[in-house]
Amino acid sequence: MTGTTGKPRFARILIKLSGEALLGAADYGIDPAVIKRIAAELRDVQALGTQVAVVLGGGNIFRGAGLARAGMDRVTADQMGMLATVMNALAMQDALESLNVYARVMSAIRINEVCEDYIRRRAVRHLEKGRMVIFAAGTGNPFFTTDTAAALRAIEIEAQLLVKATKVDGIYTADPLKDPGARHYPRLTFDRVLTERLNVMDATAIVMCRDHNLPLRVFNLNAGGHLLRVAQGEDVGTLVTNE
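Now for a description of the structure that goes with this document. These numbers come from a predicted model, not from an experiment. (Residues numbered from 1 in each chain as written. Predicted model: local features only at pLDDT ≥ 70, side-chain atom pairs only at ≥ 80, totals over all residues. Heavy atoms only, no water.)

1. Topic: the packing of aromatic side chains
Link 1 in the chain: One pass over the full model with this rule turns up one aromatic pair.
Link 2 in the chain: Taking 5.4 Å as the distance between ring centres and 85 degrees as the angle between the ring planes, the aromatic pair formed by Y118 and F135 counts as edge-to-face. Of this pair, Y118 sits in the loop between β4 (116–117) and α4 (120–128) while F135 sits in strand β5 (residues 132–136); the two residues are 17 residues apart in sequence, bridging distant segments of the chain.
Link 3 in the chain: With relative accessibility at 17%, the residue Y118 sits in the buried group.
Link 4 in the chain: For F135, a relative accessible area of 3% puts it in the buried group.
Link 5 in the chain: Just above the ring of Y118 sits the side chain of R153; from NZ or CZ to the centre is 3.7 Å. (Phe/Tyr/Trp six-rings, centres within 6.5 Å; stacked < 30°, edge-to-face > 60°. Helix = DSSP H or I, 4+ residues; strand = E, 2+ residues; numbered from the N terminus. Buried < 20%, exposed > 50% of the residue type's maximum accessible area, 1.4 Å probe, protein only. Lys NZ or Arg CZ within 6 Å of the ring centre and 35° of its normal.)

Here is the structure:
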């Protein structure tokens, strides 16, 4: 553990990481240095005493929606995307275990030779035993994003906070990487995110968080130490709630 001080603000959180977060400077696949750094930050959050669950996207390997738009059958494309998330989850499990963190991959589709099936009670038991749980294969159904899977799993395991890691420090009026005049929102309501169509997560995920009163924190994963600050309850990025 490095640089871990203070106390946890949350007993249990779920962190949503995009597949692109694992790319680093590459155009495809997983950068070993990047996944090791993220794994170290996850370890430090767990070392606070917070139970940590993770959902990974698969966009660094395969984007089902993109190929569906290009003409591939949508169900087939989404199933391929689910398998990409399993690959990322296994890579994250390996990175965590190299840092002496016990981790379990639980898949929404049956792939027993490489990971466990997702069973809610078993997932909660893993967390209670101090294991980090990585949820793979989305919801197991086509037409649903990993954002929706993250919201669903967070609600199911009764997480106190859903954390969305992005490339920018929160939610803006526009993409700050393209529009220098974009304004940052330190705090928002779910209804406003939906009304103004702020594309931080898909609408289904936002509605689920709203209806189950699950706070959402959006922050910049590339800023070292910010994930730990989020776990300690600091005001990092943008907080989205019902109020």
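2. Structural notes on the side chain of H226
Link 1 in the chain: Structurally, the position occupied by H226 is in helix α8 (residues 226–231).
Link 2 in the chain: H226 gets classed as buried once you look at its relative accessible area, which sits at 19%.

3. Looking at the sheet that holds strand β6 (residues 161–166)
Link 1 in the chain: With mixed pairing, nine strands are arranged side by side in an open sheet as β4-β3-β5-β2-β1-β6-β10-β11-β9. For this open sheet the edge positions go to β4 and β9 (187–189), each flanked by a neighbour on one side alone.
Link 2 in the chain: Here six bridges tie strand β1 (residues 12–17) to strand β2 (residues 51–56), and the two strands are oriented parallel to one another. In the strand pairing of β2, L14 is matched with A53.
Link 3 in the chain: The sheet strands contacting helix α5 (residues 146–156) are β1, β2, β5 and β6, and the helix crosses β1 at an angle near 175 degrees. (Pairing = 2+ DSSP bridges. Contact = heavy atoms within 4.5 Å. Axes fitted to C-alpha atoms, helices over the stretch in contact; angles between N-to-C directions.)

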